[in-house]
Amino acid sequence: MYNSKITGLGYFVPENVVTNDDLAKVMDTNDAWIQERTGIKERRHVVKGGDTTTTMGVKAAKIAIERAGIDKDDIDFIVFATLSPDYYFPGPGVLVQRDLGIKTVGALDVRNQCSGFIYALSVADQYIKTGMYKNVLVIGSELHSHGLDMTTRGRSVSVIFGDGAGAAVLSREEDNSKGLLSTHLHSEGQHAEELSLIAPGMGKRWVTDIIEDNDHNDESFYPHMNGQFVFKNAVVRFSEVIMEGLKTNDLTPEDIDMLVPHQANLRISQFIQKKFGLGDDQVFNNIMKYGNTTAASIPIALTEAWEKGKIKEGDLVVLAAFGSGFTWGSAIIKW
Ligand code: UT7
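These notes cover the structure that comes with them. The structure presented is a predicted model; accordingly, all values stated were derived computationally and were not measured. (Residues numbered from 1 in each chain as written. Predicted model: local features only at pLDDT ≥ 70, side-chain atom pairs only at ≥ 80, totals over all residues. Heavy atoms only, no water.)

### Digging into the layout of surface pockets
At step 1: Here the largest pocket defines a volume of roughly 1,200 Å³.
At step 2: For the largest pocket, the lining is made up of 38 residues, of which Leu83, Ser84, Pro85, Leu197 and Pro200 are closest to its centre.
At step 3: At the level of elements, strand 5 (106-110) and strand 9 (195-196) are the ones that each hand at least two residues to the lining of the largest pocket.
At step 4: Residue composition of the lining of the largest pocket, grouped by class: 23 nonpolar, 12 polar and 3 charged.
At step 5: The two domains that each donate at least three residues to the lining of the largest pocket are domain 1 (3-176) and domain 2 (180-198 + 221-334).
At step 6: Considering only enclosed or pocket space, the second largest pocket measures out at about 500 Å³ in volume.
At step 7: Considering the residues around the second largest pocket, the lining is formed by 23 residues, among which Met225, Gly227, Gln228, Phe231 and Asn265 are closest to the centre.
At step 8: Looking at the lining of the second largest pocket, the elements with two or more residues in it are helix 2 (31-38), helix 6 (155-158), helix 8 (227-248), helix 9 (266-275) and strand 12 (316-323).
At step 9: Residue contributions to the lining of the second largest pocket peak at 6 residues, all from helix 8.
At step 10: Among the domains, domain 1 (3-176) and domain 2 (180-198 + 221-334) are the pair contributing at least three residues each to the lining of the second largest pocket. (1 Å grid on protein atoms, 1.4 Å probe; cavity = no way out; pocket = protein on both sides within 12 Å on 5 of 7 lines; lining within 4 Å. Points joined across faces, edges and corners; volume = space filled by probe spheres on them. Helix = DSSP H or I, 4+ residues; strand = E, 2+ residues; numbered from the N terminus. Nonpolar A, V, L, I, M, F, W, Y, C, P; charged D, E, K, R; others polar. Domains from an automatic or database assignment.)

Below, the structure is given as structure tokens:
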């Protein structure tokens, strides 16, 4: 059995900055409410006709591949996590294979929303552990802005989400004390609709329903979130899954050098930081700049933390996420 190790990281965010004041011009909201409840100051939105979920993923992937010191032809498999694919089908994995000109390797799409990157990492890790693949490209990318209700009706969701992409190359590591030590995945479908986008889907036969019923302004065509319920579950599940990962490896919270939580809400990150007794330099947050970028949030944050020199060789790095599904997960990494 091998271990897998992150050998390259990259991220891409669109240039267009949308501040809280910009949002207040199109809906009944304000900078104070958004900052107080979420910590978000601004986010990035793709300008119409610009990047797509795939092109952002490709840009992040190119950086990660270069930093891994490998060629695109060394990639054995692609795993792409998103809730905002370019097409209903096929998923963006194959579009990345095409756009990067990678040979005909397998491409898998992961649909686990905010936990998508951890799920994707876990899948990639299993393939490397068994020896089947040597280098796996893992991408999380989201283009939320084109699908949000940018009116007052949608304000409790629309102010939170932003666009962007992050990518990692996971490579074979022969030393089992290094790299991904373990990943931990969970789901609880009982709460599926509490954070969901119901249409388009075959339950809501979208072409006929949109055209015949002219209900394209139906609320089910926009993401729905029962915010307080999601928040309460998030703080419990984040804590549980981090502890599960630590215990599996005979570690304690004191062993954590850097926690990179999914950027759902700064208040959630602060709650977890306090609960585990971590200092400000042991938790990395960038939700202030980018909002919640769902499957892209962990790889963007991880890349930024690494670029800023906050993650060093030998550090114990913990990744954790919770979101729609509900799904949640963690990854324990010896860098
Ligand atoms: O990434 C996946 C996981 N996601 C999460 O973990 C998110 C979890 N939830 C949250 O982060 C928070 O619940 C929110 C940030 C979404 C909302 O914060 P909240 O403190 O739970 O606010 P609320 O939904 O209870 O709304 C409080 C008030 C309401 O007004 P009334 O009924 O008290 O008069 C809302 O209508 O704030 C109002 N409101 C807003 N006001 C200004 C909701 N959205 C806005 C807004 N601007 N954008």
